[in-house]
Amino acid sequence: MSDRPAESNRSQPFEYVVGGSLPLDAVSYVKRSADDEFYSGLKAGKFCYVLNSRQMGKSSLRVRTMARLQADGIVCVSIDMTAIGSAEVTAEQWYLGVLWAIVKQVREQTTGLADWKLPALRAWWVEREGLSFVQRWGEFIEVLLAEVGDRVVIFVDEIDSVLGLGFRADDFFAAIRECYNRRVDEPQYDRLTFALLGVCAPQDLIQDKRRTPFNIGQAIELSGFTWEDAIGLAKGLPGGEEMLREVLDWTGGQPFLTQRVCRLVVEMPDPPSPLEKGGHEMERTEREIEGSFLVPLTKGDLGGSGLVDQLVVDRIIRVWESNDEQVHFQTIGDRMMADESLAGAMLGMYQRVLAEGSVGIDGSEEQIALRLTGVVMKKSDRLCVMNRIYEGVFGREWVAEKLDALRPYGEEFQNWKISGNEEWLLREAQLQDALNWAFEENRKLDPEDYKFLKTSQDLEAKDDKLKIQELIQKVEDAVAERITNTYNVQHINADEDLRISIQGVEQENVSNHIALKKIYVRQRLQSMLIALTIAMTLLNTGGQAITSFVEAVQSVMEFQKRPVSKP
């Protein structure tokens, strides 16, 4: 089937639409290979999902695909998850909202569910209050298939909004997967198909890792515009195909940005007439840009190369923070920083993409999350920056600033990377604080961070070994001195005092007393040496071993200073 809506409005004035779903009759809609893949997959009864970054044209794709399927006699329902709500909605309200959206749209297209007005739906729901919400959802699907004899495709749009619910939606997506599995035994389920659209990865849909993941259906790859896709956009540009090439050179075919740059071009003022040059019209144009860095570009300036460059740099890249249409760039930046446990790894990955031009795709969590921001794209088996505009907005300085703000050791890390000097490595309490931060909440860091922390640990361990070796020598000297002097000096005096103090006691008892005291002293020294040996043995295992060693040293040193008491 041909894509009729685009063909029926060739005579319309050319208008570039920035953001939102493009109307069916929008002449600036760009058809991609995904259009036919999505349509063909759903028509064949396949469960499909389009999971991609924001403002890549998912909603416009849904609108046109629904129109094509409805023209084939297929009942299509679209559920916008953001319209149902997420912040304060209860699980019951949420499920009822999903059912009501289906009922309303089915009644508009068929005679099925004709009697199902809102009170009837509520009554049906209450009658089954002994069942779980997901069981009631399953029973409703059976009613839907019984009431509607035609094929039904349910589009679930903005599915990522369910991740912000106050309850898990795992059961909902598990129930969708169950509809697919039931096709084997219940043929009526062949008439039901689901299409999921949103900004998340398939594994995010069922978050409980103990359950079977959402692993069904056909993934629809929604990439940027190629030259062949976008060539029709040249019709609305004063510079034609040559100018479109310059636009795509900046946008990389990213749909939102491509439409935006094209619209900026056509909205530039017409060149002033000879009578207006130097007159009031020119003064007005100059007043409009007063205080900014913009030059007064007009359509008359667009004949040569480099002028689209100036337009993009001056009116998008340099002013994106104050002139971020539909918060496009802010959304990307926020998404890169949203998950603090993953942000460091994502930013580090993106930093390498910027530095190296591309990195190999490895399927890691941070790469998947980075792709969903839209700032990078898959090209063959490599990951590269989506376009030059993103590279200008989210450049190396932006990444370094965000990483420094994220790391509690940002300044030391950057200086160490630049100089390689050990003086910037972390020590003692600062190192311990950094390690606590790094491993809390299962935080995932960039490999460079791990290298910095490991190098800091290695240096501290090296310093500790030197200090401990010095302490060992001191303890060994102190123990040797104690063993030598205790009996040569202290014990001689103590023994003499003892002999005087126990006059009248038989000499045999005196000797026994002295022997017992020597055994007591030897045992105390041996205990200290055992503790010292254990601490030294554990030294290379790190952590508590150093504390144990220090305690042993302190004990031995204290003992060395104390006079020997009588047993």
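Keep in mind that this is a model prediction, so the values were computed, not measured.

Draft legend 1. Main features of the overall build of the chain. Summing up its helical and strand segments, the chain has 23 helices and eight strands in all. Out of the 567 residues belonging to the chain, those deemed buried represent 43%. Within the chain, residue pairs in contact and separated by at least 24 positions form 72% of the contacts whose partners lie at least 6 positions apart. Carbon together with sulfur atoms contributes 49% to the accessible area of the chain, which is approximately 28900 Å² in total.

Draft legend 2. Looking closely at the packing of aromatic side chains. Within this structure, the stated rule accounts for 23 aromatic pairs. Seen in terms of ring centroids, W125 and F133 are 5.7 Å apart; in terms of plane orientation they differ by 25°. Their pairing is stacked. Ring centres of W137 and F194 lie 6.5 Å apart, and the angle between their planes is 50°; this geometry places the pair in the tilted category. Highlighted residues: W137 in helix α7 (residues 133-147) and F194 in strand β4 (residues 192-198), separated in sequence by 57 residues. We classify W137 as buried; its relative accessible area is 1%. The structure contains a cluster of three or more aromatic residues connected by ring pairs, namely F47, W94, Y95, W125, F133, W137, F167, F172, F173, Y180 and F194. Here R64 stacks its cationic end above the ring of Y29, 4.0 Å away from the centre of that ring.

Draft legend 3. Representation of the sheet that holds strand β7 (residues 376-379) in the model. One open sheet holds the three strands; their spatial order is β6-β8-β7, and the pairing between them is antiparallel. Strands at the two margins of the open sheet, each flanked by one partner only, are β6 (359-360) and β7. Summarising the sheet, β6 and strand β8 (residues 382-385) pair through two bridges and their orientation is antiparallel. Considered in β8, the bridge of G360 is made with R382. Against the sheet, helix α15 (residues 340-356) contacts β6, β7 and β8, and its axis sits at roughly 80° relative to β8.

Draft legend 4. Local environment of the confidence of the model for the chain. Per-residue pLDDT for the chain has a mean of 80; in total, 72% of the residues score no lower than 70. The element-level mean pLDDT for the chain is lowest in helix α12 (residues 280-288), coming to 40, with helix α2 (residues 33-43) highest at 97. Note that pLDDT drops below 50 for residues 1-11; the model gives that stretch 17 contacts with residues more than four away or on any other chain. A low-confidence stretch, residues 272-296 stays under pLDDT 50, and its non-local contacts, those more than four residues away or across chains, total 18 contacts.

Draft legend 5. View of the nonpolar core. Counting residues in hydrophobic clusters, the biggest one holds 89 residues, and the most contacted among them are F38, F155, Y350 and I389. Per-element tally for this core: the top contributor is α15, with nine residues. I84, W94, V106 and I159 belong to the second-largest nonpolar core, a separate cluster that totals 49 residues.

Draft legend 6. Quick peek at the packing of helix α5 (residues 91-109) against helix α6 (residues 118-127). Where α5 meets α6, the axes come as close as 11 Å, and the angle between the chain directions of the two elements is 130°. With respect to α6, the element α5 is oriented oblique. Where α5 crosses over α6, the two elements pack in a sense that is right-handed. Contacts from E92, Y95, L96, L99 and W100 in α5 reach L118, L121, W124 and W125 in α6. Each residue belonging to the contact of α5 with α6 can be placed in one class, and the counts come to eight nonpolar, no polar and one charged.

Rules of the game
Residues numbered from 1 in each chain as written. Predicted model: local features only at pLDDT ≥ 70, side-chain atom pairs only at ≥ 80, totals over all residues. Heavy atoms only, no water. Helix = DSSP H or I, 4+ residues; strand = E, 2+ residues; numbered from the N terminus. Buried < 20%, exposed > 50% of the residue type's maximum accessible area, 1.4 Å probe, protein only. Contact = heavy atoms within 4.5 Å. Areas by Shrake-Rupley, 256 points an atom, 1.4 Å probe, with all protein chains shown as cover. Phe/Tyr/Trp six-rings, centres within 6.5 Å; stacked < 30°, edge-to-face > 60°. Lys NZ or Arg CZ within 6 Å of the ring centre and 35° of its normal. Pairing = 2+ DSSP bridges. Axes fitted to C-alpha atoms, helices over the stretch in contact; angles between N-to-C directions. pLDDT = per-residue confidence, 0-100. Core = buried A, V, L, I, M, F, W, Y, C linked by side-chain atoms within 4.5 Å. Parallel < 35°, antiparallel > 145°, perpendicular 65-115°, else oblique. Left-handed = near helix turned anticlockwise from the far one by under 90°. Nonpolar A, V, L, I, M, F, W, Y, C, P; charged D, E, K, R; others polar.

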